[in-house]
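# Geometric and topological summary
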Amino acid sequence: MQLRHIVDQIVLKEVRGLLDINVTGISDDSRHVSPGDLFVAYRGGHVDGHQYVQQAVAAGAVAVLVEEPVDVLCTQVIVPSTRRVAPIFAHTILGRPADDLLMVGVTGTNGKTTTVTLIEQILQQAGHATGLIGTIEQRTSKGELRSSSMTTPEAVQLVQTLKEMRELGARYVVMEVSSHALELARVAGIGYRVAVFTNLTQDHLDFHETMQAYGEAKGKLFSRLGNVFTPLADGLLPVAVLNADDPWSRIYAGNTVQQVLTYGIDQEADIRATDVSIAAHGVSFMLRAHHIQKEVHLHMTGRFSVYNALAATAGALALGIDVDTIVSTLEQVTGVPGRFERVEAGQPYTILVDYSHTPDSLENALTTIREFCTGRVFTVVGCGGDRDRKKRPLMAQVAAKYSDVTVLTSDNPRTEDPVCIIDEMEEGIRHLPGVEYVRHTSRVDGIRYALTHATSGDVVLIAGKGHETYQIIGTVKHDFDDRLVAAQIVVEHL
Ligand SMILES: CC(=O)N[C@H]1[C@@H](OP(=O)(O)OP(=O)(O)OC[C@H]2O[C@@H](n3ccc(=O)[nH]c3=O)[C@H](O)[C@@H]2O)O[C@H](CO)[C@@H](O)[C@@H]1O[C@H](C)C(=O)N[C@@H](C)C(=O)N[C@H](CCC(=O)O)C(=O)O
Ligand SMILES: Nc1ncnc2c1ncn2[C@@H]1O[C@H](COP(=O)(O)OP(=O)(O)OP(=O)(O)O)[C@@H](O)[C@H]1O
Ligand SMILES: N[C@H](CCC[C@H](N)C(=O)O)C(=O)O
Ligand SMILES: [Mg+2]
């Protein structure tokens, strides 16, 4: 691809060097540059990519995309924001894979991973080849490509993954779109056919600072729906799928010019669930839409699972999938790894490992448990380091409100002092009367405390890390899997 051809599409500050050169690839990390690449320098939170231009050129980069002149012997394309234009370069250099795929994006604080999985399963059941990009992994109908390090990859990696998926024959790609991705232009240039909103509650205020800014970041998926570099070839109109029970949906509906399809339980909606009945192993409801009235029995439990099922139903209907295929798939899915996952190691009480790492998701998990638990509820919970500090006291409060015993412990402390994170959590419950809680900085010790105190009929919720198979302490990733740790402790104490 001739560099001049791409540069003609963007607003430039300056070009130094020749534009009539061929670039064959693109990289935003000097450690992964291949000969012929364009190297993109981002100003990061830790280091400035501009420091690595020499290293990138030494590795074979033939041009660099930068925000200021740098000292290298190759073409320099200088732009006001490398983040804003990198997606244009990535899509063009890599052959516009997104234009050949039917893209589905799911955003929201909670429920994205579950909803993308449900939509992917429905599409596969309908006979379509799929790709999935989310928190746990990236995969196609043919199998896993890799486990994920981010929910939504940076633009360069994202377009590379879409290219790979197109080569593997995927027709639809269903992906989680995080608020970071929308704010940092990771998904710019992708023409989503269906954009789904799950919900918006507190998280990531370290990055967005206010709920207003967080909500507006998510809203970009809807306000920009149908607004792409190249028009969608088949002329199909995009659809925004919105949760009628979440007040942000009204704002998003007002900010899109595309068709809107709503779902919900409490408010009037195009696709609605009534008669919700929650049990330990699943939830049933009546699915109602124009001409549709069907009883649905999910193997996943909780009112939140009904929302995810409705979001997936609306998304799949917008893609033209028939309701029988949708319902039969929803009824077959047994769950998503680390989401309300049971650990069965012969113990007389219930152990649930769940990825609730926000106040709202923790409340959903615990109110669901309260629906069926006949004994006591133990909650083992921590909060991630280098992440939103404001959610810490709130998560402790939610845990204490619904649990008989709360065990405050470490999640991924990252570069923070784990004791200080637990102090900040404890601040939320320290003064509350009648709260029974203990502190265990070691997560193994926290889990052991709960498991050795639980008896028949009790439920132990191990929250926050779900499918994760590691614990990040400092900058080191240690092997750690809540499911294996819990099973091992049970076996040791049986
Ligand atoms: C806040 C945020 O999104 N940070 C992302 C950002 O990190 P950063 O700004 O600190 O990057 P940096 O380390 O300073 O490096 C700057 C640049 O120099 C480059 N570099 C660096 C070193 C080197 O030797 N050579 C080199 O070229 C890097 O590739 C990068 O382009 O750019 C990095 C490289 O692309 C990302 O890996 C990193 O995501 C980190 C891993 C992260 O944890 N992000 C989280 C907060 C995130 O994005 N989460 C969302 C939402 C999760 C959810 O709720 O589901 C997600 O989508 O995952
Ligand atoms: N629709 C929902 N509303 C509220 N809570 C939910 C919902 N769906 C799932 N949860 C809770 O949130 C946790 C995370 O679910 P899931 O992984 O599907 O969300 P996510 O949006 O992908 O999260 P992340 O932002 O980490 O990628 C679950 O373990 C469950 O406790
Ligand atoms: N995608 C979320 C995951 C949080 C998971 C939790 N275990 C933590 O480490 O805080 C984030 O990066 O904030
Ligand atoms: Mg996710």
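Here, the structure is the one placed above.
Residues numbered from 1 in each chain as written. Chains lettered and ligands numbered in written order. Predicted model: local features only at pLDDT ≥ 70, side-chain atom pairs only at ≥ 80, totals over all residues.

## Some points on the sheet that holds strand β21 (residues 437-439)
Heads up, the rule is: Two strands are counted as paired when DSSP detects at least two bridges linking them. The way it works is that DSSP assigns letters per residue, a run of H or I at least four long becomes a helix, a run of E at least two long becomes a strand, and they are numbered from the N terminus.
The six strands are arranged β17-β18-β22-β19-β20-β21 in an open sheet whose pairing can be described as mixed. In this open sheet, the two strands that pair with only one neighbour each are β17 (341-342) and β21. In this structure, strand β19 (residues 377-381) lies alongside strand β20 (residues 405-408), joined through four bridges in parallel fashion. Looking at the pairing, Val-381 lines up with Leu-408 of β20.

## A look at the sheet that holds strand β1 (residues 14-16)
The criterion, for reference: Interaxial angles span 0 to 180 degrees and are taken between N-to-C directions of axes, which are lines fitted to C-alpha atoms, for helices over the stretch in contact. Contacts here follow a simple rule: the backbone-placed C-beta atoms of the two residues must lie within 7 Å.
Spatially, β1-β5-β4-β3-β2 is the arrangement adopted by the five strands of the open sheet, whose pairing is mixed. Pairing within the sheet leaves two strands with one partner each, and these edge strands are β1 and β2 (25-27). The average angle at which neighbouring strand axes cross in this sheet is 20 degrees, direction not considered. Note: β1 against strand β5 (residues 75-78), three bridges, orientation antiparallel. Bridging across to β5, Val-15 finds its partner in Val-77. Taken strand by strand, helix α3 (residues 82-93) contacts β2, β3 (37-40) and β4 (63-66), and its axis lies near 145 degrees from that of β4.

## A few points about unusual backbone geometry
Phi is positive for Phe-340, which is not a glycine, with a value near 55 degrees. Mapped onto the fold, Phe-340 is located in the loop between α11 (323-332) and β17. Phi angles above zero are rare outside glycine, and Arg-414 is one such case at about 50 degrees. Examined against the element boundaries, Arg-414 turns out to sit in the loop between β20 and α14 (418-426).

## Some points on the pairing of strand β6 (residues 102-107)
Worth spelling out the cut-off: Here exposure depends only on C-beta density: within 10 Å of a residue's C-beta, 20 or more other C-beta atoms make it buried, 12 or fewer make it exposed, and intermediate numbers make it partly exposed, the C-beta atoms being placed from the backbone.
Where burial is concerned, most of β6 is hidden: six out of the six residues are buried. Going residue by residue along β6, you find Leu-102, Val-104 and Val-106 tucked away on one face and Met-103, Gly-105 and Thr-107 tucked away on the opposite face as well. Note that β6 and strand β10 (residues 172-176) share five bridges and pair parallel. By the bridge assignment for β10, Val-104 is matched with Val-174. Direction of pairing for β6 relative to strand β11 (residues 192-197): parallel, over a ladder of five bridges.

## So, helix α10 (residues 303-318)
Rule in force here: What a helix should span is 1.5 Å times the count of its residues minus one.
Compared with an ideal rise of 1.5 Å per residue, which puts 16 residues at 22 Å, α10 spans 23 Å between its outermost C-alpha atoms and is within 8% of the ideal. Across the 16 residues of α10, 15 count as buried, placing the element largely inside the fold. Just downstream of α10 lies Gly-320, where phi reads positive at about 90 degrees.

## Some details on the environment of Gln-259
The topology assignment puts Gln-259 in strand β13 (residues 259-264). In the structure, Gln-259 is positioned 23 residues away from Leu-236 in sequence and 11 Å away in space, judged by C-alpha atoms. What Gln-259 contacts, discounting residues up to four positions off in sequence, is Leu-237 and Val-239.

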